[in-house]
Amino acid sequence: MAKRRILRKLLRVLIVVCVLLAAVVALSLFVMARKDKEHERFFSTGKSVNQFLASYKHGLEEAFKKKDPAELMQFYSTHYASAQRGRWEKRSDPDAGDISCFVLEAKEPKKDFTRADLQDELKTYLDGLASIDDIKLKIDMIEIDEVVLEKKVPLAVKFILDGKDNHGLVFQDRNFYRWTLENEGGAGAYDWKIVDDKLVEGVRVGGDARDFQSFETSEELAAIGIDYKHERDPKLNVKEQGSKLKFGVIEHGGGGVSTVDYNNDRKPDIFFADGVRSRLYRNDGTGASGRVHFTDVTKESGLDGIDQAAAGIFADVDNDGYQDLFVSRYLAPLKFYHNNGPDAGGNITFSDWSGKMGFDPKDPTNTAPAVSACFLDYDRDGYLDLYVGLYGDAFHDVPRLPFYAQNGGANRLYHNDGGKGFTDVTEKSGTGDTGWTLAVAAADYDNDGYPDIADANDFGRKNLYHNNHDGTFTEVAKQAGVLDFSGGMGLAWGDFNDDGHLDLYTSNINSNQRWFGEDMTVSQYERNVMRTKYAITDLGEYWKVYQLLGPRWRKLGTMIGEGNRLFQNNGSGTFEQVENSHTNRAGWGWSVAFFDYDNDTKLDIYAANGWISNAPNTDL
């Protein structure tokens, strides 16, 4: 009897527990369903705001063509009013070379602004434009706490206009506005209007565009001897070859360019890494006309036939005084070409030493998703070693975790064995990052005499490997302050403030999809994951992200869309992001470089970008 009573009690307890669990599950599903609907409204609101920005851009183009601000006034509410706004006018800032800078400021005293004031201001702006080359409007920041879904949106907008003024000067306006949008559409419709606007900051940079001579058309390039045109790696060409890629983004990533004085004549030559036929052009110097000229020496130099190339880098690997060539190839055998120096006729040739140097094409380990590389003498033995950055296998994988993908190929460190070959020391050195790496660079950031390594990962973070002086490295990005989560595509070392310590500049994504990186979307991502097996299988990766960021992980959505970052070296092995450097909003960042373009001894930055705006102006 006592045993039966115990069993009945256990049964009742079990029933209560099951009922409670069922209630918890039901409540969770109910809450998740409500949150899903709220996110649908959030997504719809953001999508409509981006469409409004695209329409405003086209409205500005029409207003310029017709010289009529009425085309723009349709985007402003009939009850538009901006208290203490003032009229925005340009104030001259100190010139830099032939570059003229003007700061956009609100004229004092800042009076209340009406629609009539605004229309007059817009007309003055349009009248000052001789031509427009491009216009971009992007969401820069959302004041999420003040957003009323489907009704009201306060946000900061980035406005960029490239054109010419009435004096023939080329200029770019880069302004940031705070707009308050209200939906004046009916039920279920969107008709956003600007009801208030304020100036956050603005600058116009202009000049005569003569600092650099441009050769862009096929005719201009042919005149200086360059007839190269990039061709995509056939195996990655979805449109023309029907390639079956699981992750199609990689088809846009091939190709690159490098300069080298391969023949020691003190003139920089050009190498184009290509998907079909890479090319080497010899710099012939300038003729009587003063114009530089190049000659295609690909075939005569022994470099014809290099395909599927992602990057070509040069260095004197065997210390014979001539620059050799290493070629990263995506899912194709790595290549190494030895510079033989001048032959009997004085011509410089290269020989394929891939197998001799440790990159046997028959060895499957030498076929990897390689996209980038850099040379460094990590052990200071006088011979340059090699670090190769690997992406993921786009035929079989996609980046797992869009903000911390760790399923790419493992980067590789090769030791130079006295100029006679390379040995893979990745495992021993601890440098085998498995992110989807797009860029690598080496530098002695802590001035200890040994070069360190940095890499930039797409769909992830940056890594900083500190050289331990014993053939091993320690990853210290978190401790150094350069984790820099984003779609990393480039990085460069340079001492921009001349303090004797190398600083770091990284390229990322600055996207007008910022709306969809807010906490509400991150929460939706969490709910979606919880409904799948990945809530269990990727738990370890999520824990790693939390260990790296702590509570800040919830801001990942906004972090990854903030753009490029400039990190100043503190001289103590740590870095601090320079928030006000005006170097972050460089578009959808690709490659970056430091260089002194105007010979004033101060390092400038060149930031290449791509995918600035697709047809619907959405970045994607």
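That block above? That's the structure.
What you see is a predicted model, and the numbers here were worked out from it, not measured in a lab. (Residues numbered from 1 in each chain as written. Predicted model: local features only at pLDDT ≥ 70, side-chain atom pairs only at ≥ 80, totals over all residues. Heavy atoms only, no water.)

Draft legend 1. Quick peek at the side chain of Asp269. Its location among the elements puts Asp269 in strand E8 (residues 269-273). As a buried residue without a salt bridge, Asp269 has its nearest oppositely charged side chain in Arg282, at a separation of 6.3 Å. (Helix = DSSP H or I, 4+ residues; strand = E, 2+ residues; numbered from the N terminus. Buried < 20%, exposed > 50% of the residue type's maximum accessible area, 1.4 Å probe, protein only. Lys, Arg positive; Asp, Glu negative; His and termini not counted. Salt bridge = Lys/Arg side-chain N within 4 Å of Asp/Glu carboxyl O.)

Draft legend 2. Spotlight on the sheet that holds strand E9 (residues 279-286). The 4 strands lie next to each other as E7-E8-E9-E10, forming an open sheet whose pairing is antiparallel. Each end of this open sheet is capped by a strand with a single partner; those strands are strand E7 (256-260) and strand E10 (292-296). Ignoring which end each strand starts from, the neighbouring axes of this sheet average 25° apart. Inspection of the sheet shows E9 paired to E10 by 4 bridges, in the antiparallel sense. Residue pairing for E10: Thr286 is matched across the bridge by Val292. (Pairing = 2+ DSSP bridges. Axes fitted to C-alpha atoms, helices over the stretch in contact; angles between N-to-C directions.)

Draft legend 3. Layout of the pattern of salt bridges. Going through the model one piece at a time under the given rule, you end up with 31 salt bridges. Of the charged contacts in the structure, one is a salt bridge between Arg279 and Asp227, with a shortest N-O distance of 2.6 Å. Remark: Asp227 occurs in the loop between helix H4 (218-223) and helix H5 (238-241) and Arg279 occurs in strand E9; sequence separation between them is 52 residues. Overall, the relative accessible area of 52% leaves Asp227 in the exposed class. One salt bridge in this structure joins Arg279 and Asp296, with 2.8 Å as the shortest N-O distance. Taken together, the residues span a long stretch of sequence, with Arg279 in strand E9 and Asp296 in strand E10 at a distance of 17 residues. Looking at Arg279, the relative accessible area reads 10%, which means it is buried.

Draft legend 4. Seen up close, the sheet that holds strand E24 (residues 503-507). Ordered by their spatial adjacency, 4 strands build an open sheet running E23-E24-E25-E26, and the pairing between neighbours is antiparallel. With one partner strand each, in any of the chains shown, strand E23 (490-494) and strand E26 (575-577) form the two edges of the open sheet. Mean inter-strand twist for the sheet, computed between neighbouring axes without regard to direction, equals 20°. As judged from the 3 bridges shared by strand E25 (residues 565-569) and E26, these two strands associate in the antiparallel manner. Residue pairing for E26: Asn569 is matched across the bridge by Phe575.

Draft legend 5. Quick look at the pairing of strand E13 (residues 335-342). For E13, a buried count of 6 out of 8 residues is recorded, marking the element as mostly surrounded by other parts of the structure. Across 3 bridges, strand E12 (residues 324-333) lies against E13 in antiparallel orientation. For Phe326, the partnering residue across the bridge sits in E13 and is Phe336. Hairpin geometry of E12 and E13 is characterised by an intervening segment of 1 residue between the two adjacent antiparallel strands.

Draft legend 6. Main features of the side chain of Asp495. Tracing the backbone through its elements, the reader meets Asp495 in the loop between E23 and E24. Buried and without a salt bridge, Asp495 has Lys602 as its closest oppositely charged side chain, separated by 9.0 Å. Among the polar contacts listed, one links the side chain of Asp495 to the backbone nitrogen of Asp499, at a separation of 3.2 Å. Reaching out from Asp495, the side chain makes a polar contact with the backbone nitrogen of Gly500 at a distance of 2.8 Å. (Polar contact = N/O pair within 3.5 Å; in protein donor to acceptor, adjacent residues only side chain to side chain.)

Draft legend 7. Just the packing of aromatic side chains, in detail. Under the definition given, this model contains 33 aromatic pairs. Each ring, one from Phe271 and one from Phe314, has its centre 5.7 Å from the other, and the planes form 80°; the classification is edge-to-face. Taken as a pair, Phe271 in strand E8 and Phe314 in strand E11 (residues 309-315) lie far apart in primary sequence, 43 residues in all. With a centroid separation of 6.4 Å and 50° between ring planes, the pair formed by Phe403 and Tyr542 is classed as tilted. Pair noted here: Phe403 is in the loop between strand E16 (385-390) and strand E17 (412-416) and Tyr542 is in helix H10 (residues 539-549), with a separation of 139 residues, a long-range link. Under the relative-accessibility criterion, Phe403 is labelled buried at 13%. When its relative accessible area of 22% is taken as the criterion, Tyr542 is described as partly exposed. Through pairs of rings, three or more aromatic residues link up here, namely Phe52, Tyr56, Phe75, Tyr76, Tyr80, Trp88, Phe159, Tyr177 and Trp179. Of note, Arg204 hangs over the ring of Phe171, and the distance from its end group to the ring centre comes to 3.8 Å. The lysine or arginine in question, Lys356, covers the ring of Trp353, its NZ or CZ lying 3.6 Å from the ring centre. (Phe/Tyr/Trp six-rings, centres within 6.5 Å; stacked < 30°, edge-to-face > 60°. Lys NZ or Arg CZ within 6 Å of the ring centre and 35° of its normal.)

The values are spatial; any link to function lies outside them.
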